[in-house]
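Each chain, letter by letter, is given below.
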Amino acid sequence: MKDFSRIIVLLFCFVAASALHPAFAAEEQGKHESAAFSAKDVIMEHVTDAYEWHITTINGKHISIPLPVIVVGQNGLNVFFSSKLEEGHGSYNGFYLSESEKYKGKLVEKNASGEEIRPWDFSITKNVFSLLINSGILLAIILGVASFYKKQKKTGELKAPRGFIGFMEMIVMNIENEVIKPCIGKNYAKFSPYLLTAFFFILINNLMGLIPIFPGGANVTGNIAITLILSLFTFFYVNIFGTKEYWREIFWPDVPIWLKVPPFMPIIEFVGVFTKPFALMIRLFANILAGHSIAISIVCLVFITASQGPALNSSMTVVSVLLSVFMGLVEVLVSCIQAYVFTLLSAVFIGLAQVEPHTVKR
Amino acid sequence: MLLSPDFGLLFWMMLSFSIVFFILAKFGFPVITKSVAERASYIHDSLEAAKKANEKVVSIKQECDELVASARAEQVKILREAADTRDRIISEARNQAKTEGMKELQVFKQQLQSEKEQAMRDLRLQMAELSVGVAEKILRSSLGSEKAQLDLIGRLVDEALVSKS
């Protein structure tokens, strides 16, 4: 646990990322100079998914990375670049970005009766693309570290690594020894790869989300679909590997009989099976989403006060930059804490499902 | 809208996380954790071996010291014995030489004695012969005349008479 705080301090070097927020904000100004500035729109645009990766807008011209759109609609599979949508003023081949409340910003098509329906949408959106990049980075880092040990095994010389590999070893072993082992107990080896993968997967996505320009900046772990899959994994891990005693404690707990015969306790316990991973999902999603929202809100201060005279505007700019730096630091901390908490709670839930009959203890 | 998971993202997340998980669970983390565990046990074993070797060295050193001490004691004992033996041999030799010498001396002395006696005897015999010869020659010369013979007889008779009375 001691070492963990040291890791967090090291990761503060990501502060540079937060300092770049004002630069990012300048781009927003260009976009909204004609219309009235709406902080809500800016925040929503940033935290939600998109079909293209918008970089900046110069003199009203959008500069963005086109991403492939893959949809299976009524007329079969369609694959095209998102730039086609812009060329066709928001529509291509019968698909268009919805303006309605229900599907706002999503690609829809019209069915025979003229209603908007969503096609099967497998598009490589901004979040998907970012997810793939981050997965690639994660694989490169961990496999790179693992290759050091493989090489070492071949030569037979067991030496402690230095530098980055040593740093990664420290984190991996810390998570395993301080989180996984104490929470799960003797069967920890079966669950250790999943929990470590989850930790590093969340961590890398959180940290990449803090970088405001291209390879980062997507709100991946602040999207409920991502945290849903992660918590589903934990859910299945907990319940598939749960012991007989775990299920007995749910459906026939050690409480007075009147609590069990109209099955109050079993119902509560059974609901608890689902609320635990649900809480995991919401916690990670809400924390990261809130972090991104606050960071952008603070930047938006500059533009909200732009109409209130130069004195207020310039003073608020200073405040905004200072607050952005502060929020950047807090976000780095939150990124690590949320990855850690997700892993810790998953380990705790898995550990709770590994109970043995209480004949010796308690 | 924020709370409704998007199907496409669910699909891609499921796919990519599964692949990442599969690869890392097979080739990533177990390799790292196993190697670190191996290294830990290797270090543990090495420390244990070093401790044992150290103990062995200490015991060997003790044994060595004991050996040296006993060897030294043995040396002292052997030296002492050698010195004793030497003294004994010397004294024995000396005694023997003394007795031998004594014996030889005795023999010499006896020989000398007997030779001396022999010489005395020879001397005495020669003296007797010589004195008899001299006496004869003297007698012959001094008793040449009648008178001299008578004087002598007279004197001898006197002497005999004197000694008789």
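Residues numbered from 1 in each chain as written. Chains lettered and ligands numbered in written order. Predicted model: local features only at pLDDT ≥ 70, side-chain atom pairs only at ≥ 80, totals over all residues.

Novice: Pulling in residues and values, what's your account of the overall build of chain A?
Specialist: Counting its secondary structure elements, chain A contains 12 helices and 9 strands. Here chain A, with 362 residues, has 36% of them falling under the buried criterion. Across chain A, every contact between residues at least 6 apart in sequence was considered, and the portion connecting residues at least 24 apart equals 67%. (Helix = DSSP H or I, 4+ residues; strand = E, 2+ residues; numbered from the N terminus. Buried ≥ 20, exposed ≤ 12 C-beta atoms within 10 Å, placed from the backbone. Contact = placed C-beta atoms within 7 Å.)

Novice: Just give me the short version of the interface of chain B and chain A, but keep the residues and values in it.
Specialist: Taken together, the contacts link 32 residues of chain B with 39 residues of chain A. Split into classes, the residues belonging to the side of chain B that touches chain A amount to 24 nonpolar, 5 polar and 3 charged. (Nonpolar A, V, L, I, M, F, W, Y, C, P; charged D, E, K, R; others polar.)

Novice: I'd like a description of the packing of helix α9 (residues 224–240) of chain A against helix α11 (residues 264–304) of chain A, backed by residues and values.
Specialist: Residue and element names in this part refer to chain A. Interhelical geometry of α9 versus α11 gives an angle of 150° and a closest axis separation of 8 Å. It follows from the interaxial angle that α9 and α11 lie roughly antiparallel. Where α9 crosses over α11, the handedness of that crossing is right-handed. Of α11, the residues touching α9 (which contributes Ile224, Thr227, Leu228, Ser231, Thr234, Phe235 and Asn239) are Val273, Pro277, Phe278, Leu280, Met281, Leu284 and Phe285. Here the residues of the contact of α9 with α11 sort into 10 nonpolar, 4 polar and no charged. (Axes fitted to C-alpha atoms, helices over the stretch in contact; angles between N-to-C directions. Parallel < 35°, antiparallel > 145°, perpendicular 65-115°, else oblique. Left-handed = near helix turned anticlockwise from the far one by under 90°.)

Novice: Please give an account of α9(A) that cites residues and values.
Specialist: With 17 residues, α9(A) should cover 24 Å at 1.5 Å per step; its first-to-last C-alpha distance of 23 Å lies within 8% of that length. Taken across its 17 residues, α9(A) has 12 buried, putting it largely inside the fold. Three or more residues of α9(A) are buried, namely Ile224(A), Ala225(A), Ile226(A), Thr227(A), Leu228(A), Ile229(A), Leu230(A), Ser231(A), Thr234(A), Phe235(A), Tyr237(A) and Val238(A). Where α9(A) is buried, its residues touch α8 (188–210), α11 and α12 (310–352) of chain A together with α1 (7–142) of chain B. (Expected span 1.5 Å × (residues − 1).)

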